[in-house]
Amino acid sequence: MSKRRINKVAVIGSGIMGSGIACHFANIGVEVLLLDIVPRELNDDEKKKGLTLEDKVVRNRIVDGDLQKAIKSNPAPLYHKDFAKRISTGNLEDDISKVKTADWIIEVVVERLDIKKQVFENLDKHRTPGTLITSNTSGIPIKFMSEGRSEDFQKHFCGTHFFNPPRYLKLFEIIPGPKTSNEVLDFLNGYGEKFLGKTSVVAKDTPAFIGNRIGIFGIQSLFHQVKEMGLTVEEVDKLTGPVIGRPKSATFRTVDVVGLDTLVHVAKGIYDNVPEDEEHGIFQIPGFIDTMMEKKWLGSKSGQGFYKKVANEDGSSDILTLDLNSMDYRKSKKASFGTLEKTKSVDKVTDRFPILIAGDDKAGEFYRKNFGAMFAYVSKRIPEITDELYKIDDAMKAGFGWDNGPFEIWDAVGVKKGIELIKELGKEPAAWVNEMLEAGVDSFYTIKEGNTYYYDIPQKKHLKVPGQDAFIILDNIRKTSEVFRNSGVVVEDLGDGILNVEFISKMNAVGGDVLAGINKAIDLAEKDFDGLVIANNGKNFSVGANIGMIFMMAVEQEYDELNAAVKYFQDTSMRLRYSSIPVVVAPHGMTLGGGCEFTLHADRVVAAAESYIGLVEFGVGVIPGGGGSKEMAMRASDTFMKDDVELNRLQQYFLTIAMAKVSTSAYEAYDTGILLKGKDIVIVNEARQLAAAKAVARFMADQGYTKPIPRTDVKVLGKQALGMFLVGTDQMVAGNYISEHDKKIANKLAYVMAGGDLSEGSLVSEQYLLDLEREAFLSLAGERKTLERLQHMIQKGKPLRN
């Protein structure tokens, strides 16, 4: 049997989900055909133009309109605007025959079984045998959809449930039908993870599958609990946000974003279809939610939900909060709990859980009830919705943005303690949990040789979680692979002659300890290893340099110390490029300021697609001082040989810094010149990134890596470029686009990138530009306006981000 390849996908249905799915396949380079129905009547604009129902622009109006709306939406569904060219559109009457060229057909039409069955009947006439055909249903039983279809159709049919928005939420549920072949399931499982960048979870064909069954239970449980405990909306969002490793939007803000009607629809579907569920009543909609539905307080889509933004007469705005007792909006109240204060110094989320459930205030009571109910519920969903407990955790982490799944949280508080919480609620865990303890197993997970093992219920022992071979999880190897540590980094031996530098500072900010750690890692690698990777498994690669440290030196006018600190940063960046071993940097998430400068100086970059990279120092009142200004001048110089518009090229790189541009994906970072085509690569699945970076470092070493020679051939344009920049900043001030202080920063940057006020274009060294950069940085760091900006950021609680 030939290996299955996906070169073209047909998406049937162009609504929010259909267009989002189409965009994400375009993101990964797949050709997409997007189809929807033909309009039955002309709109007013079409009538004015004299169009008819037979005109193609009319017949494709729905699909074209939906796709354009999706492309313009925020957050963007595409990694790069040019990727939209990979999507062609059509309608289900004129273009249905084109699905015969698709390798995979995905149905994303309205959630009605009768309509889906009609669509499948039509598709079955046109699809090529062997083509994958799946439904993105969020709850309709898969077994009903393929009834009456051909044998080949049923063999290649299953559910593939993407979460919205498809680019950003990582859960990809695969739900087999009665006759789905194992080959299809195995292929989709691997394709989702490797190509789409998802966490693939094969689920059973039960109502709401895994993610929504558990997630909606959690939200509905909170809805009932909030009134019982007398909690406010703000208090619940404080308790269910980042403190327990959940998104900042927590519970009620998340519902406002998703839409209350969407949540109610799924909850009612579960309520109607699982009458035997022991928590059936939890899925019944509480009275205050019914009231909100009647008043159409659905959240962001209707302008108000649990929160409401109102404009004031002076042009400012306030966020009001819904009082769940009076059902009136009121000014927001700050929520605070003594129990949460005890966790402020605890960085690791799993270490907070024992503290939270031990609280003697309302917060402690909330967590005991909330976790106890969740532990009992998930234990009893096995084997109903899945046979393996890790799939429930994977679904909640990938679909709802939890740092830890329910069984991981249970492990964190202790299995026996979790059972106590369950029994305090008058409930019991599933029998298998007690049997596990009786068998001498006291945790759901364990780590062996860097791999995660989960408790398998039928075999009553821990088994290796499948699919880990492509991943390197630093939490799993740190204890056994650590070769150096200080307060800013851990250096780990990844095996095969490659070291890794992992930042462990707050928000992975770059300070003296991180710089010392990188230099130590290079020392170790040059002596006893073959290559170095700089990567971590945190939410962000690095938010930049520790501006608190810069602020203190500048306030105290310790300019010798500040000069030494900046030079140490520059030297460290240069050492990344000019060491005797290959250095690969693996950015992901926010990669700002100093984190971006490390990326710029790597021999190779292996970037996660979801990387937001930029030199943002202008916002603080300085220029990039860790080699970033020098590097952008050099990269501009490298383009001069390719065309004659040298000033225009230099201006583009200048504006990347001056406008503090941050790419909204790694692909956009190619446009800003931060990533280089043909040299740096992008990985869609962030979980694979570290292993890929290690492989690149190993490959470079195996090919015979030679330490590069420092550059002395950087072309700078001197007074010609400097004059252009100075005229431009004068005009910006005159037009009230920038302040005098902004002009001063821009002029300092211009001086660096022009190579100073040289009388003519010249070739200079990197060190020449670094000296100019450092001098400019130091002069700006002492400016009163810069110090005011720094102080303002620190007062706002952002001392580590430049």
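Our subject is the structure that appears above.
Residues numbered from 1 in each chain as written. Predicted model: local features only at pLDDT ≥ 70, side-chain atom pairs only at ≥ 80, totals over all residues. Heavy atoms only, no water.

With that settled, consider the overall build of the protein chain. Counting its regular elements, the protein chain contains 33 helices and 25 strands. Relative to a compact globule of 802 residues, whose C-alpha radius of gyration would be 28 Å, the protein chain shows 29 Å and is just as compact. By residue count, 55% of the 802 residues in the protein chain fall in the buried class. Nonlocal contacts in the protein chain, meaning residues at least 24 apart in sequence, comprise 70% of its contacts between residues at least 6 apart. Counting only carbon and sulfur atoms, one obtains 50% of the accessible surface of the protein chain, whose full area is about 34,300 Å². (Helix = DSSP H or I, 4+ residues; strand = E, 2+ residues; numbered from the N terminus. Rg over C-alpha atoms; globule rule 2.2 N^0.38 Å. Buried < 20%, exposed > 50% of the residue type's maximum accessible area, 1.4 Å probe, protein only. Contact = heavy atoms within 4.5 Å. Areas by Shrake-Rupley, 256 points an atom, 1.4 Å probe, with all protein chains shown as cover.)

Here the structure, examined in full by the defined rule, presents 37 aromatic pairs. Consider the rings of Phe 223 and Phe 306, whose centres lie 6.1 Å apart with planes at 40°: the pair is tilted. Taken together, the positions of Phe 223 in helix α9 (residues 211-229) and Phe 306 in the loop between α13 (287-294) and β9 (307-311) put the pair 83 residues apart, joining distant regions of the chain. Ring pairs connect the aromatic residues Phe 353, Phe 366, Tyr 367, Phe 371, Phe 375, Phe 407, Trp 410, Trp 432, Phe 444 and Tyr 455, which therefore count as one cluster. The cationic tip of Arg 246 hangs over the ring face of Trp 402; the distance from NZ or CZ to the ring centre is 3.5 Å. (Phe/Tyr/Trp six-rings, centres within 6.5 Å; stacked < 30°, edge-to-face > 60°. Lys NZ or Arg CZ within 6 Å of the ring centre and 35° of its normal.)

This paragraph deals with the layout of surface pockets. Counted as a void, the second largest pocket has a volume near 600 Å³. Arg 635, Asp 638, Tyr 653, Gly 673 and Leu 676 are the residues nearest the centre of the second largest pocket, which is lined by 26 residues in total. Grouping the constituent residues of the lining of the second largest pocket by class yields nine nonpolar, five polar and twelve charged. (1 Å grid on protein atoms, 1.4 Å probe; cavity = no way out; pocket = protein on both sides within 12 Å on 5 of 7 lines; lining within 4 Å. Points joined across faces, edges and corners; volume = space filled by probe spheres on them. Nonpolar A, V, L, I, M, F, W, Y, C, P; charged D, E, K, R; others polar.)

On to the packing of helix α17 (residues 389-400) against helix α18 (residues 406-413). Axis separation between α17 and α18 bottoms out at 7 Å; the angle between their running directions is 105°. Accordingly, the angle class assigned to the pair α17 and α18 is roughly perpendicular. Every residue of α18 that contacts α17 at Leu 389, Ile 392, Asp 393, Met 396 and Lys 397 is listed here: Pro 406, Phe 407 and Glu 408. A breakdown of the residues in the contact of α17 with α18 according to their chemical character gives five nonpolar, no polar and three charged. (Axes fitted to C-alpha atoms, helices over the stretch in contact; angles between N-to-C directions. Parallel < 35°, antiparallel > 145°, perpendicular 65-115°, else oblique.)

The next thing to look at is the environment of Met 327. Of note, Met 327 is situated in the loop between β10 (317-322) and β11 (329-331). Look at Met 327 and you get buried, because its relative accessible area is 12%. Put simply, Met 327 and Ile 37 are 290 residues apart on the chain and 41 Å apart in space, counted from C-alpha to C-alpha. Setting aside chain neighbours within four positions, we find Met 327 in contact with Phe 288, Thr 291, Met 292, Trp 297 and Leu 322.

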